[in-house]
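# Breakdown of the fold
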Amino acid sequence: MPETSEQDFSQQRFLEINTALQSGMFVYVRKMFQTMPAYDIALLLESSTSKSRNLLWQLVDPDLHGEILEELSEEVRKGILKSMDPEKVAAVAEGMDIDDLAEVLRTLPDAVYQEVLGSMDTQDRARVEQALSYEEDTAGGIMNTDTITLRPDVTIDVILRYLRLKGELPEATDSFYVVSRNDKFIGSVSLADLVTARPEQTIAEITDYNTVPVHVNSTDTEVATLFERYDWFSAPVLDEEGHLLGRITIDDVIDIIREDAEHSMLSMAGLDDEADTFAPVIKSTRQRSIWLGVNMITALLAVAVSSMFEGILSQMAILAVLNTLVPSMGGVAGGQTLTLVIRGMALGHIGDSNARSIFTKELAIGFLNGLIWAILVAGIVAIWKQDLLLGGIIAFAMLMNLTAAGVAGVTVPLLLKRMKIDPALAGSVILTTVTDVVGIFAFLGTATLLLS
């Protein structure tokens with residue numbers, strides 16, 4: 001028998017739960033939830049309609065609410081929190097990691113937000129308020145303040161006895177951070193080095209003084225790049241004066257990488273990466289209509305350019321047939337360059353220092369591709385219509401548009417980033433407008449000059 005993948009198994013379990021839910025077997029569903037990881041329950045909630053989602057949430061053990069909320073997308077989490085009483089939200093907040101709790105609190109109405117904060121003890125409230133003081137998509141916004149710090153002059157034996165008395169470590173602990181008496185960061189000690197060192201050694205003797213910290217105002221994308229570059233499992237977060245504020249762990253970075261990938265993919269289609277797949281029809285229609293309206297405006301610009309050449313189009317029907325070919329080829333070529341450049345910018349490969357190099361390269365590629373396809377298409381058109389001049393016209397337009405597509409594919413995302421506009425969101429629309437306008441103008445403009 002073929003092996004059942006984890007995804008197939010999850011889908012089978014989801015189908016079983018939905019069938020039980022429709023049959024009114026609520027006790028059975030509640031028991032199934034007790035054996036499911038929080039992530040799978042979150043996935044089931046995101047895969048359900050709003051009506052089923054509310055019912056499923058009531059069947060979940062309240063002790064799991066915090067873990068599940070951490071795994072949900074922002075839109076789905078908002079909908080669930082909206083249906084909960086403030087007292088229940090405050091109860092859920094207990095036991096959540098500070099970074100996850102701060103993310104949840106940002107989505108709450110102000111009244112509920114204040115009530116949740118008021119239910120916390122002074123220390124936890126101070127930690128959450130500190131996390132909320134940083135921008136959401138920065139190292140400060142995603143860091144966790146649950147860390148164990150060490151003094152350099154303490155012996156290994158003392159530290160190990162302390163840890164045994166403590167009884168547990170923060171999740172995903174692979175290192176401890178060494179700080180001075182005023183919390184200035186000194187270095188790190190790996191868990192492996194700590195448990196294998198001689199008891200009489202001091203922390204200073206096994207400290208790694210070359211540990212690379214993360215600045216509290218670094219963007220989450222920069223943090224993800226650092227984790228990838230240095231193969232970190234965790235990293236310390238420091239303020240401007242070098243004080244240790246908290247740490248970032250690999251599980252948070254995986255979430256960042258996944259969210260960035262979803263953002264890039266959905267933004268190119270004009271969709272919100274936090275959009276709820278099963279959101280109400282009216283809400284989804286409104287969200288998508290905005291971007292369709294923007295696209296229509298840019299399409300009308302291309303139509304306006306075409307209308308300038310109504311005379312030549314009415315004289316030669318073949319021009320209307322061939323008019324779609326040049327913009328289409330330019331759009332595909334420009335899209336390739338745009339995707340490559342946006343990816344390079346996201347990975348930190350492309351910036352001001354090498355923008356000229358990538359521009360020159362893509363200009364050359366656009367010109368060579370234009371030359372290749374200009375010759376090929378010109379030959380096809382010339383043989384098809386027995387008209388060398390028509391073949392030459394479309395060859396010129398093809399060369400111009402593919403060259404322009406290469407240039408626009410580089411300059412558009414770089415300019416948008418400089419203007420603090422997301423290239424993934426607006427880049428494709430602007431690029432399509434450029435290739436449509438240049439392609440139509442080059443083809444019909446040249447045809448008007450030479451054939452009319």
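These figures come from a predicted structure and were not determined experimentally. (Residues numbered from 1 in each chain as written. Predicted model: local features only at pLDDT ≥ 70, side-chain atom pairs only at ≥ 80, totals over all residues. Heavy atoms only, no water.)

In terms of burial, strand β5 (residues 234–238) is largely enclosed, as five of its five residues are buried. Pairing of strand β4 (residues 214–215) with β5, which is carried by two bridges, proceeds in the parallel orientation. Its bridge partner lying in β5, Val 214 is registered against Val 237. By the bridge criterion, five bridges tie β5 to strand β6 (residues 244–249) in an arrangement that is antiparallel. Note that in β6 the partner of Ser 234 across the bridge is Thr 249. Here β5 hands over to β6 after five residues, with Gly 242 in that stretch at a positive phi of 90°. (Buried < 20%, exposed > 50% of the residue type's maximum accessible area, 1.4 Å probe, protein only. Helix = DSSP H or I, 4+ residues; strand = E, 2+ residues; numbered from the N terminus. Pairing = 2+ DSSP bridges.)

The next point concerns the packing of helix α20 (residues 325–346) against helix α23 (residues 423–451). Close contact between α20 and α23 brings their axes to 9 Å; oriented N to C, the two are set at 150°. What the angle tells us is that α20 and α23 run roughly antiparallel. The chirality of how α20 crosses α23 is right-handed. The segment α20 lies against α23, with Val 326, Pro 327, Gly 330, Gly 331, Gly 334, Gly 335, Leu 338, Ile 342 and Met 345 engaging Pro 423, Ala 424, Gly 427, Ser 428, Leu 431, Thr 435, Asp 436, Gly 439 and Ile 440. (Axes fitted to C-alpha atoms, helices over the stretch in contact; angles between N-to-C directions. Parallel < 35°, antiparallel > 145°, perpendicular 65-115°, else oblique. Left-handed = near helix turned anticlockwise from the far one by under 90°. Contact = heavy atoms within 4.5 Å.)

Quick look at the UniProt feature "transmembrane region" (unreviewed entry) in the protein now. What UniProt calls "transmembrane region" (unreviewed entry) maps, in this numbering, to residues 290–309, 315–342, 363–384, 390–416 and 428–451. Summarising residues 363–384: 100% helix, 0% strand, and an end-to-end C-alpha distance of 31 Å. The span residues 428–451 carries 100% helix and 0% strand; its end-to-end C-alpha distance comes to 33 Å. (UniProt positions renumbered as here; feature names shortened; annotations may be inferred.)

This brings us to the packing of aromatic side chains. For the structure on display, the rule yields four aromatic pairs. Measuring from ring centre to ring centre gives 5.9 Å for Phe 309 and Phe 441, while their planes differ by 70°; the resulting arrangement is edge-to-face. You can see Phe 309 sitting in the loop between α17 (281–307) and α18 (310–315) and its partner Phe 441 sitting in helix α23, a full 132 residues away along the chain. We classify Phe 441 as partly exposed; its relative accessible area is 46%. Grouping aromatic residues by their ring pairs yields a cluster made of Phe 227, Tyr 230 and Trp 232. The ring of Trp 384 carries Lys 385 above its face, with NZ or CZ at 4.8 Å from the centroid. (Phe/Tyr/Trp six-rings, centres within 6.5 Å; stacked < 30°, edge-to-face > 60°. Lys NZ or Arg CZ within 6 Å of the ring centre and 35° of its normal.)

Right, let's talk about helix α2 (residues 26–34) for a bit. Every buried residue of α2 is listed here: Val 29, Met 32 and Phe 33. Buried positions in α2, seen along its axis, are confined to an arc of 100° and lie on one side of it. Exposed residues on α2 whose side chains face more than 90 degrees from its buried face are Val 27, Lys 31 and Gln 34. (Arc of directions from axis to C-beta.)

With that settled, the discussion passes to a nonpolar patch on the surface. Nonpolar side chains collect at one region of the surface, where Phe 367, Leu 368, Leu 371 and Ile 375 lie side by side and expose about 380 Å² of accessible area between them. Position of Leu 368 among the secondary structure elements: in helix α21 (residues 355–385). (Patch = residues over 30% accessible without salt bridge, like charges linked within 9 Å, V, L, I, M, F, W, Y side chains within 5 Å. Areas by Shrake-Rupley, 256 points an atom, 1.4 Å probe, with all protein chains shown as cover. Salt bridge = Lys/Arg side-chain N within 4 Å of Asp/Glu carboxyl O.)

Let us now look at the side chain of Gln 201. Counting through the fold element by element, Gln 201 comes out in the loop between α13 (191–196) and α14 (203–206). At 3.0 Å, the side chain of Gln 201 forms a polar contact with the backbone nitrogen of Arg 198. In this structure, Gln 201 is in contact with Val 154, Thr 155, Ile 156 and Ile 206, ignoring residues within four places of it in sequence. (Polar contact = N/O pair within 3.5 Å; in protein donor to acceptor, adjacent residues only side chain to side chain.)

Sheet strands line up and pair through hydrogen bonds in the backbone, either parallel or antiparallel. The strand order β4-β5-β6 describes an open sheet built from three strands, whose pairing is mixed. With one partner strand each, in any of the chains shown, β4 and β6 form the two edges of the open sheet. Packing against the sheet, helix α15 (residues 220–230) makes contact with β4, β5 and β6, and its axis sits at approximately 65° to β6.

Right, let's get into the pattern of salt bridges. For the structure shown, the criterion picks out four salt bridges. Glu 200 is the partner of Arg 198 in a salt bridge, and the nearest nitrogen-oxygen pair spans 3.1 Å. The exposure class assigned to Arg 198 is partly exposed, which follows from its relative accessible area of 48%. Since its relative accessible area comes to 52%, Glu 200 is described here as exposed. When the shortest N-O distance is used, the salt bridge between Arg 418 and Asp 352 registers 3.3 Å. Here Arg 418 is found in helix α22 (residues 388–418), whereas its partner Asp 352 is found in the loop between α20 and α21, with 66 residues between them in sequence.

Counting residues in hydrophobic clusters, the biggest one holds 43 residues, and the most contacted among them are Phe 33, Ile 68, Leu 105 and Val 116. Beyond its immediate stretch of four places on either side in the chain, Leu 105 contacts Tyr 113, Val 116, Leu 117, Val 128 and Leu 132. Grouped together as the second largest cluster of nonpolar side chains are 27 residues, Ala 333, Ala 378, Leu 399 and Ile 440 included. (Core = buried A, V, L, I, M, F, W, Y, C linked by side-chain atoms within 4.5 Å.)

In space, the three strands of this open sheet follow the order β1-β2-β3, with mixed pairing throughout. If you trace the sheet from one side to the other, it starts and ends with β1 (149–150) and β3 (185–190), each paired once.

Before going further, it helps to spend a moment on the pairing of strand β2 (residues 175–179). In terms of burial, β2 is a largely internal element, five of the five residues being buried. Here β2 shows two buried faces, one formed by Ser 175, Tyr 177 and Val 179 and the other by Phe 176 and Val 178. A crossover links β1 with its parallel partner β2, the connecting element being helix α12 (residues 156–166), and its sense is right-handed. As paired strands, β2 and β3 are joined by five bridges and run antiparallel to one another. Looking at the pairing, Ser 175 lines up with Ser 190 of β3. (Right-handed = clockwise from strand over helix to strand, strands pointing away.)

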